[in-house]
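Take a look at the letters that make up each chain.
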Amino acid sequence: MDSKRALSVAVEAAMAAGNLMYRNWRTQKRVNSEAMHDIKLELDERCQEKICKILRSVFPKVAVLGEEGTVGDPLADERWVIDPIDGTVNFAYQIPHACVSIALQQRQGNEYVNCVGVVRDPFCDELWTAVRGKAARLNGKKIRVSQRARLSEAVVSVGFAKYDENLKKMLPQLEKLAPRVRKIRIMGSAALDLVYVACGRMDAYLESGVRLWDIAAGAVILESAGGEFWHRALPGEHTYHIVANNGLLRPELERLNQGESK
Ligand code: IPD
């Protein structure tokens, strides 16, 4: 697929879904289902439908793997990976820190590679984009990760995925990290965490149990901005442990973890 065309259609879809989110910012949201650490909104589904309609009108054969369900064969050679509202709990509580995340993946051997990424924050009117091999951009301007090489000067975001086992994994890390970094942040949108690292606002982002649709677009944007998207698959479909960083901080972050397991 022509990646320039893919990028422009993904931007169109992200802007449309973002507008729908923005219009509903201060409204009482209809909840489809909820769990202890998670909420699913009727608007999640409406945003996904909007995105799918736009993507499929131009690329009818490309599958869509989304947080709210799939269209076509999710194991096809090319697929969109979308999170219609990343940061759903923030959005449901009217906290304006949530976004639309759309990635295009292509199969290479047994793996999928993120080729195009778009993240749209309608509340701050920000749009991050990347095509693999080219510069990452924020609202059209090239971006780079920070140069901070010491944890003591770093702002590090930590994500808490939906299940108690993830909390149990991340809480000890949080306790270790908090006294050693300038500030810990728990922002509530994985895609925004990744693009904030990509444009140097934050220096690293860690989470265990995060899902593919939360991270696919942010990953290619981060790598295209010179950052490192370290990840390993966890049990459970499309589930990962990630250590996203500016390319300088992983050794120190790893030393901290080794200390922890002793
Ligand atoms: C969640 C957010 C959150 C992260 C969770 C995700 P959702 O996505 O990205 O920051 O910690 O792991 O599931 O449910 O809002 O799309």
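Preceding this paragraph is the structure being described.
What counts, and at which threshold
- Residues numbered from 1 in each chain as written.
- Predicted model: local features only at pLDDT ≥ 70, side-chain atom pairs only at ≥ 80, totals over all residues.
- Heavy atoms only, no water.
- Salt bridge = Lys/Arg side-chain N within 4 Å of Asp/Glu carboxyl O.
- Helix = DSSP H or I, 4+ residues; strand = E, 2+ residues; numbered from the N terminus.
- Buried < 20%, exposed > 50% of the residue type's maximum accessible area, 1.4 Å probe, protein only.
- Contact = heavy atoms within 4.5 Å.

1. Some details on the pattern of salt bridges
- Under the criterion given, the structure shown has 13 salt bridges.
- Between Arg-107 and Asp-77 there is a salt bridge; the shortest N-O distance is 3.2 Å. Linking Arg-107 in strand β6 (residues 99–108) with Asp-77 in the loop between β4 (69–71) and β5 (78–86), this pair joins segments that are 30 residues apart in sequence.
- Classification of Asp-77 by relative accessible area gives exposed; the value is 51%.
- We note a salt bridge from Glu-126 to Arg-201, for which the minimum N-O separation is 2.6 Å. Placement of the pair is Glu-126 in strand β8 (residues 126–131) and Arg-201 in the loop between α5 (190–198) and β13 (204–211), with a sequence separation of 75 residues.
- A residue is classified by how much of its surface remains accessible, and Glu-126, at 12% relative accessible area, is buried.
- The class for Arg-201 is partly exposed, based on a relative accessible area of 34%.
- Each of Asp-38, Lys-40, Glu-67, Glu-68 and Lys-162 takes part in a single network of salt bridges with overlapping partners.

2. Quick look at the side chain of His-241
- Tracing the sequence through the fold places His-241 in strand β15 (residues 239–245).
- In contact with His-241, not counting residues within four places along its chain, are Gln-173, Glu-207, Ser-208, Trp-230, His-231, Arg-232 and Leu-234.

By themselves, these are just geometric observations and shouldn't be taken as functional.
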